[in-house]
Amino acid sequence: MSNYKNFIEQIIEEDLNNGFKRNELCFRFPPEPNGYLHIGHVKAIALNFELGKKYNAPVNLRFDDTNPVKENSHFVEEIKKNIKWLGYKWSKVCYASDYFGQLYEWAQYLILNDKAFVDSQTSEQIALQKGTPTNPGVNSPYRNRPREESIRLFTEMREGKHKEGSHVLRAKIKMSSQNMLMRDPVMYRILFKDHHRTGSNWCIYPMYDWAHGESDFIEKISHSLCTLEFKPHRDLYEWFLQQLPKENKNLPKQREFARLNMTYTIMSKRKLFHLIDKKIVSSWDDPRMPTISGMIKRGYPPNALINFVKKAGVAKRENTIDASLLEFYVREELNKICPRVMVVTNEIKLVITNYPEGKQEKVEAINNPEDESQGTREMVFSKYLYIEREDFRETANRKFFRLTIGKEVRLKNAYIIKGEKCVKNKNGEVIEVQCTYDPKSKSGSNSEESKRKVKGTIHWVDIKSSAKVIINEYERLFLNEKPEENEDLIKCINTSSKKTIVGKSEKYVSSLKKGQKVQFQRKGYYIVDNKKNGNITFNKTVSLRDGWRK
RNA sequence: UGGCCCAUGGUGUAACUGGCAACACGUCUGAUUUUGGUUCAGAAGAGUCUAGGUUCGAGCCCUAGUGGGCCAACCA
């Protein structure tokens, strides 16, 4: 990391220079537990937790659980798991719902100070009075209701004596404000809905604006960072804090940064939910989803996500970052850690005509050229092998480095072979390739021949000892670079974003455990998704970079 | 029609309190390579939305315009 500071860090440095105490810095990541976290959240997570690390300040994980209609504890648990998986440690887990009591008391205090009132109109009436960005709103007829009456009604609301929608508590600010959010915003609504933590204790729930800043205040958050669309909320955030009964202490400061968008995907939870609902993907953790859980299943390593969002930076302009940058960091990380194995996915039989029938020998293979400590393994070699169908052409131009008739190529970790002829079926399709091998060219044998250079190297698998592997191959979920800009999201869907194929692998592969990430040599990175009744299934993470143009 | 925010190569971010635009990805060469991977060397690509202004000097400051985003849930 260089020592340049993003604008948030600059704000913090400035506050520090102006006398803000370093040990009073405190941050928070405040998800609403109404869905899974996605790559956009990773940006917010990394921003807050990295600030915590940098300034040695606490970072709370706070669940913004003020709307029981959409939230549940399953989401809470998944969010916790995801953050742990990223490697971050929160200082404490908090819940806005922990503060319902305090919030209620403060709300009463506002009523008593003539800063809030109970409105008994319908939401439609209230909406009508709100005005528009260009026209001021008008006061509610209940705005000057005596505070004693508001207190009484508010108490009754809390006691469950009123129906949903019959009353709300509103802040008394200014109906002619240019900021729509300041036009007497709703603070509480009645909701007869059990909350995943408070059960049926409450039937009135605070709105985001009322709960958020106050929660920050309670937790002594110094810098409350959120995305740009909350900018207009800042006035309200500050107004609410000003109304609290308190000595003049440090008040939390809300600052806004641009959310992360990425090409070929969507970030809206509502739309992601739609994909699940319409069965376009299997669930929140489908490997094609931009969710953390999806990326885990896809085989993306945590560091790749973190390096990616760090590189994406923190600024205030709308952005759509290239998905290829994420893939770059995925490959960078995987290249370092993944053992290499050989898997043939679209096989064709290769017969080495001058290799003794029935003979079987062992060849040594390096597990990871980037990491010697991963050692070597043995592969079985024999007369009958599988190679990739696309690695053979009867004739080809000079740009084709692979197997052709009359040309030599090396079988990775084994021998140099020369294409002799191919056998075709009635339809003219090649069903078998025959070749001869150079017995002295065995890899690692230290002979002159073993070091001979040939233009191409291909991977292979011994037929007899091979194992079957099932592979889920994924492509981008959307055809459109910016699907969210399109009217009809469904039209942008890549209908062939998932393909399941069967491949042949070297024997060693079947001993891999669930979650193990490997490189299929010359193909890409894959992760063991599961092992069921003797079948091993991989998810393709990402292809190797491929500079070859056909 | 109001208010607020934003505007730098294809993309994303830089450029310390003004001093002839940098980094990463991507693209393209070449070298190395028993992965057409990795690694290494190099190249192309913006004169900073437009027009004025301040200044010896502006991507940075000022004004106006243009373009984009956000704001009228009892969502967060």
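A quick note: this is a predicted structure, and the numbers were derived from the prediction, not measured. Residue positions within a chain follow its written sequence, with the count starting from 1. Naming scheme: in the order in which they are written, chains are lettered from A and ligands are numbered from 1. Only residues with pLDDT of at least 70 are given local features in this predicted model, and only at 80 or more are side-chain atom pairs given and counted; all residues enter the totals for whole chains, interfaces and linings.

Moving on, we come to the domain arrangement of chain A. Segmentation of chain A into domains returns domain 1 (7-257), domain 2 (269-337) and domain 3 (346-465). Domain limits in this description derive from either an automatic procedure or a database domain assignment. The gap between the C-alpha centroids of domain 1 and domain 2 is 28 Å. Contact between two residues is assigned when their C-beta atoms, built from the backbone, lie within 7 Å. Across the contact, 19 residues belong to domain 1 and 18 residues belong to domain 2. Labels follow the DSSP assignment, with helices taken as runs of H or I lasting at least four residues and strands as runs of E lasting at least two, numbered in each case from the N terminus. Elements that contribute at least two residues to the side of domain 1 that touches domain 2 include exactly α1 (7-17), α2 (39-55) and α3 (73-86). A total of 5 residues in the side of domain 1 that touches domain 2 trace back to one element, the largest contributor, which is α2. By residue class, the composition of the side of domain 1 that touches domain 2 is 12 nonpolar, 5 polar and 2 charged. Polarity classes work like this: nonpolar for Ala, Val, Leu, Ile, Met, Phe, Trp, Tyr, Cys and Pro, charged for Asp, Glu, Lys and Arg, and polar for all others, with Gly in that last group.

Okay, the protein's contact with RNA strand B next. Around RNA strand B, a shell composed of 69 residues is seen, among which Ser-123, Pro-133, Gly-313, Arg-317 and Ser-443 lie nearest. Among the elements that take part in the surface near RNA strand B, helix α12 (residues 323-337) stands out by supplying 4 residues, more than any other. In the surface near RNA strand B, the residues fall into 24 nonpolar, 23 polar and 22 charged. Being near a molecule or strand means, for a residue, that its backbone-placed C-beta atom lies within 6 Å of it.

This part takes up the sheet that holds strand β2 (residues 59-63). Hydrogen bonds between backbone atoms are what pair the strands of a sheet, whose relative direction is either parallel or antiparallel. Read across the sheet, 3 strands follow the order β1-β2-β3 without closing on themselves; strand pairing throughout is parallel. Since the sheet does not close on itself, it has two edges, and those belong to β1 (27-29) and β3 (93-95), each with one partner. If you compare each strand with its neighbour and ignore which way they point, the axes differ by 35° on average. Here a strand pair is declared whenever DSSP counts at least two bridges between the two strands. One ladder, built from 3 bridges, connects β1 with β2; its direction is parallel. Its bridge partner lying in β2, Arg-28 is registered against Asn-60. Axis definition: a line fit to C-alpha positions, over the contact stretch in the case of helices; interaxial angles, taken between N-to-C directions, run 0 to 180 degrees.

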